[in-house]
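Read off the chains here:
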Amino acid sequence: MSLDNGIDAVADPPRERPLALIPRPIHMQRDRGQLLLPVVGRIVCGAAVDKELGSVLSDQLIDTIQQATGMVWDHSRGQAWNGTIGLDLDQKLGPQEYLLRIADQRDRRPIVDIRGGDGQGLRLGVQTLRQIVMQCGPVLPALRIQDRPAYPTRIYSLDVTRGRVPTMDWLRHCADILALYKFNQLQLYVEHTMAFPGMSEAWRGTSPLKPGQIADFDDYCARLGIELVPSISTFGHHYTNLRTRGFRDLGEFPEQADRPYSFIERQEHHTINVNHPQALDFSTELIDAYAPLMRTRNFNIGGDETFDLGKGRSRQDGSSKEPADMYADYMIGLCDHLHAQGRHPMFWCDVAVSMPRVLDRLPKDCTLLNWLYDPQVGPEKVALVASTGARQIVCSAVHAWNLLLPRIDDAWNNISRLSRYGIQYGAVGAMVTDWGDYGHINDPRMSLPGMAYAAQCFWNPNDDNRDRVDRDLGLLIYGDATGDYLPALIQAGSSSVFGWDDMVRYWELDDGHGGLNQDVAHFLVSTLPGMPGLDSSADACEARRSLLMALRIRLEQVDQRDALLLDAAVRMGRAAVGCRSDARRTLQAQLMAVHGQRLFNALGRSLAVRHNVLPGAPDARADRDLADALEIWFESYAKLWRQVSRESELGRIASIVWGFADMLRRGTNC
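In this numbering scheme, every chain counts its residues from 1 along its sequence in written order. Predicted model: local features are reported for residues with pLDDT of at least 70 only, side-chain atom pairs are reported and counted for 80 or more only, and whole-chain, interface and lining totals are derived from all residues. Processing note: side-chain calculations cover all non-hydrogen atoms of the structure and skip hydrogens and water entirely.

**Side note on the overall build of the protein chain**
Inference 1: Helix and strand assignments follow DSSP, with helices taken as H or I runs no shorter than four residues and strands as E runs no shorter than two, numbered in order from the N terminus. The secondary structure content of the protein chain amounts to 24 helices and 16 strands.
Inference 2: Taking 26 Å as the expected radius of gyration for a compact globule of 670 residues, we find that the protein chain reaches 27 Å, a close match to that expectation.
Inference 3: Here the C-alpha coordinates of the protein chain stretch approximately 85 × 60 × 40 Å along the principal axes.
Inference 4: Burial statistics for the protein chain: of 670 residues in total, 59% are counted as buried.
Inference 5: Any two residues whose heavy atoms approach within 4.5 Å are treated as being in contact. Considering only residue pairs separated by 6 or more positions, the protein chain has 78% of its internal contacts joining residues 24 or more positions apart.
Inference 6: Only the protein chains shown count as cover for residues, and the accessible areas themselves come from Shrake-Rupley with a 1.4 Å probe. Roughly 25,900 Å² of accessible area belongs to the protein chain as shown, and the carbon and sulfur atoms make up 49% of that amount.
Inference 7: When the 72 basic and 84 acidic side-chain charges of the protein chain are each reduced to a single mean position, those positions are 4 Å apart. Between the two quantities, the radius of gyration covers C-alpha atoms and the globule rule is 2.2 Å times the number of residues to the power 0.38. Note on classification: 1.4 Å probe, protein chains only; a residue is buried when its accessible area is under 20% of the maximum for its type, exposed when over 50%, partly exposed between these limits. The positive count covers Lys and Arg only, the negative count covers Asp and Glu only, and His and the chain ends enter neither. Working definition for charges: the position is that of NZ of Lys, CZ of Arg, CG of Asp or CD of Glu.

Rendered as structure tokens:
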């Protein structure tokens, strides 16, 4: 009995309780026995630990212990103080490596001892202990963990520009989760939702981020050990900017700036005319406004999906350059601008990979972000970039964009495969991306499974036991001891028949004036399997029927999928009974998404009947009821949106939902 420090070894439990850790440590040994933490304990930092770092880590542990046990602890520094938990550095450990011991009861040594090879390693060890306390409360299992990550740089990229701008409270909460799961870099992707000077015409009405908020958030992330890296579009993806009066002349197709707003066109037509004399100044002014707000020297300049390059004004201006040279010259100019400031350029390398001679021309002191989102991704493009000697980061996705419910199986397959290829071909880091695209209908809480998968695979890509990862994910994220919450969510995400992406495509085949949007039609023909070609005389109604015909096999399964969605909601509700209160708040968003998907599926069937794609006769009464249900659902969805996001462009989503409701009531197809 240890009355001097209040810590007691307790009897072995009748059976070992599963311990959920994300990511799973590489080396973990469970020992006999457990330890009861004292009611009044202390965390003591060694003299070698930076004072600010020690304060942050002590605060994290004290807060976690208080939330899990109600106990209020103290913290101190130096050898004069006895402590229950000791934090120190150990030169025998490598960078980002840590050693965690629980129940090491040698004379005057802390019962819980965390050693880091450096400050980052110590920070990572503390996150492991926090996860243990969150599950075990005051009774900790005796164990020994020695651990280090496979990837030194582990990145989460969050889209804060394509419809949804998070609240600062949510961003801080997101950073807290990322720190707990041992990410060490966060990129906030911006196109037009930053209140850049002289650009109010672009960011008005989007609830933009302010410079002071970014600077404060950078401080917040730095305390958590997360590098906040600016990520802005500087070349492609300027759709909103290039629709303004002030900047439309910088685009490849300024004559299209007044066309009706289109989610699909936003993803396709957004490229700067690199031959415009003010183009490079426009891009570098964005860099110069944004870069000083963060302490990092890294800067992601985008450069992806420049689909219109060399097709519009840049060709009409008489340039004899090939698109590959236009691209390389512009990117070199941006990189030179950053290098002159002592900054390190990062950029998406999809264009460079598609035009290999561009790879040879790009500056070597850069990092290529190799995004590959196919769930069945192969190693070829990772190997290609590696063969050039370029520094690369492999980039996967949480697979939630354009969806109410995430495709969790796709996320696992994509993230786990690409993480292994990155290690095989010497990538210096790994990133998982979280996009919004068609208005960002996907609630950010839906991305937690993909985030957890990335945390595991970036740490140890060879540990691909998904069953264990799913069990740990369910326990740690949702507090689900039944093991059924995540499988039910996976089932729900696999039960979409007519998704948000299908709704947007159907809606935007109309050009806004009753005619066919040829750009949207061409996009669908080139990307949607089974979508037939359309001749120039086709109208929007004919194109919409063709879209539904391409989806017919899915649409025939509405009843079966509806039963699966309902079953998933019931299972999630039952599993959530024993979950933590914060997990139940996430459940609210997930059940709202399940209900919305049931309505979207019903909408798809109604449209298919109207277009004679499915058998049956239109039911005016049922359609009016569905219109009511869509509007009622959207009002509740909007309340959940505002829990984590600013108003942003919620109205664009509303206009499509309401537009379908009006269509149902009118009894028309087009």
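**Regarding the nonpolar core**
Inference 1: For the purposes of this section, nonpolar cores are sets of buried Ala, Val, Leu, Ile, Met, Phe, Trp, Tyr and Cys residues that join through side-chain atoms within 4.5 Å. Core analysis: the largest hydrophobic core is formed by 172 residues, its most contacted members being Tyr181, Phe183, Tyr290, Trp500 and Tyr637.
Inference 2: With twelve residues, the top contributor of residues to this core is helix 22 (residues 581-610).
Inference 3: Among all residues touching tyrosine 181, those that are not within four sequence positions of it are Ile22, Pro23, Gln131, Met451, Ala455, Leu476 and Ile477.
Inference 4: The next biggest cluster of nonpolar side chains, apart from the first, holds 33 residues, and it includes Leu61, Leu100, Val112 and Cys136.

**Overview of the side chain of threonine 167**
Inference 1: Looking at the element boundaries, threonine 167 is found in the loop between strand 9 (153-159) and helix 3 (168-180).
Inference 2: The exposure class of threonine 167 is buried, given its relative accessible area of 19%.
Inference 3: A polar atom in the side chain of threonine 167 sits 3.0 Å from the backbone nitrogen of tryptophan 170. N or O atoms within 3.5 Å of each other form a polar contact, as long as, within protein, one can give a hydrogen and the other can take it, and as long as residues adjacent in sequence are counted only when both atoms are side-chain atoms.

**Structural notes on the confidence of the model for the protein chain**
Inference 1: pLDDT: the predictor's confidence for each residue, scored from 0 to 100. Looking at the protein chain as a whole, its pLDDT mean stands at 93, while 96% of the residues score no less than 70.
Inference 2: Of the regions scoring below 50 in pLDDT, residues 1-7 engages in eleven contacts with residues more than four places distant in sequence or in other chains.

**A few points about helix 19 (residues 540-550)**
Inference 1: Within helix 19, burial applies to Ala540, Ala543, Arg544, Ser546, Leu547 and Leu548.
Inference 2: Backbone nitrogen of cysteine 541 and a side-chain oxygen of the N-cap are separated by 3.3 Å at the start of helix 19; the cap is aspartate 539.

**Here's the deal with the pattern of salt bridges**
Inference 1: Any carboxyl oxygen of Asp or Glu within 4 Å of a side-chain nitrogen of Lys or Arg constitutes a salt bridge here. Tallied over the full model, the rule gives 40 salt bridges.
Inference 2: Arginine 313 is paired through a salt bridge with glutamate 255; the nearest N and O atoms lie 3.9 Å apart. With arginine 313 in helix 8 (residues 313-316) and glutamate 255 in the loop between strand 11 (227-232) and helix 6 (263-268), this pair connects stretches of sequence that are 58 residues apart.
Inference 3: A residue is classified by how much of its surface remains accessible, and arginine 313, at 30% relative accessible area, is partly exposed.
Inference 4: Arginine 361 serves as the salt-bridge partner of aspartate 325, at 3.4 Å between the closest nitrogen and oxygen.

**Section: the side chain of histidine 237**
Inference 1: Positionally, histidine 237 belongs in the loop between strand 11 and helix 6.
Inference 2: Residue contacts for histidine 237: discarding those within four places in its chain leaves Arg162, Tyr189, Glu191, Arg266, Gln267, His270, Asp304 and Glu305.

**Overview of the packing of aromatic side chains**
Inference 1: Only centres within 6.5 Å qualify two rings of Phe, Tyr or Trp (six-membered ring in Trp) as a pair; their planes then separate them into stacked at under 30 degrees, edge-to-face at over 60, and tilted for everything else. Taken as a whole and judged by the stated rule, the model has 25 aromatic pairs.
Inference 2: Note on phenylalanine 247 and phenylalanine 282: the rings are 5.2 Å apart at their centroids and 50° apart in plane angle, and the pair reads as tilted. Of the two residues, phenylalanine 247 is situated in the loop between strand 11 and helix 6 and phenylalanine 282 in helix 7 (residues 279-290); the sequence distance between them amounts to 35 residues.
Inference 3: Note on tyrosine 506 and phenylalanine 660: the rings are 5.8 Å apart at their centroids and 40° apart in plane angle, and the pair reads as tilted.

**Observations regarding the packing of helix 22 against helix 24 (residues 650-666)**
Inference 1: Axis definition: a line fitted to C-alpha atoms, limited for helices to the stretch in contact. Angles are taken between N-to-C directions and run from 0 to 180 degrees. Here helix 22 crosses helix 24 at 45°, and the two axes come no closer than 12 Å. Between helix 22 and helix 24, the crossing angle belongs to the class labelled oblique. Helix-helix and strand crossings are classified by hand; for helix 22 and helix 24 the assignment is left-handed. Judged by residue contacts, Leu603, Ser606, Leu607 and Arg610 of helix 22 engage Phe660, Met663 and Leu664 from helix 24.
Inference 2: Throughout this entry, Asp, Glu, Lys and Arg are counted as charged residues, while Ala, Val, Leu, Ile, Met, Phe, Trp, Tyr, Cys and Pro are counted as nonpolar. The remaining residues, Gly among them, count as polar. Taken together, the residues of the contact of helix 22 with helix 24 break down into five nonpolar, one polar and one charged. Under this scheme an angle from 65 to 115 degrees is roughly perpendicular, one under 35 degrees roughly parallel, and one over 145 degrees roughly antiparallel; angles in between are oblique. Handedness of a helix crossing follows the sense of rotation of the near helix relative to the far helix, less than a right angle counterclockwise being left-handed and clockwise being right-handed.

**Examining the environment of alanine 386**
Inference 1: Looking at the secondary structure, you find alanine 386 in helix 12 (residues 380-387).
Inference 2: We classify alanine 386 as partly exposed; its relative accessible area is 25%.
Inference 3: Those residues in contact with alanine 386, other than ones at most four positions away along the chain, are Gln392 and Tyr425.

**As for unusual backbone geometry**
Inference 1: Isoleucine 22 connects to proline 23 through a cis peptide bond whose omega is -5°.
Inference 2: Residue placement: proline 23 occurs in the loop between strand 1 (8-10) and strand 2 (27-36).
Inference 3: With phi around 60°, glutamine 96 is a residue other than glycine that occupies positive phi space.
Inference 4: When its relative accessible area of 7% is taken as the criterion, glutamine 96 is described as buried.
Inference 5: Phi at histidine 399 takes a positive value of approximately 55°, unusual for a residue other than glycine.
Inference 6: Of note, histidine 399 is situated in the loop between strand 15 (391-397) and helix 13 (408-424).

**A closer look at the environment of phenylalanine 196**
Inference 1: Tracing the backbone shows phenylalanine 196 in the loop between strand 10 (185-190) and helix 4 (200-203).
Inference 2: When its relative accessible area of 6% is taken as the criterion, phenylalanine 196 is described as buried.
Inference 3: In sequence terms phenylalanine 196 and alanine 103 are 93 residues apart; their C-alpha atoms lie 54 Å from each other.
Inference 4: Setting aside residues up to four positions removed in sequence, phenylalanine 196 forms contacts with Val190, Trp203, Ile232, Leu286, Ala289 and Tyr290.

**Details of the pairing of strand 11**
Inference 1: A large share of strand 11 lies buried, amounting to five of its six residues.
Inference 2: Sheet analysis places strand 10 next to strand 11, joined by six bridges and oriented parallel. When the sheet's bridge partners are listed, leucine 188 is paired in strand 11 with proline 230. Paired strands, as defined in this entry, are two strands with at least two bridges between them according to DSSP.

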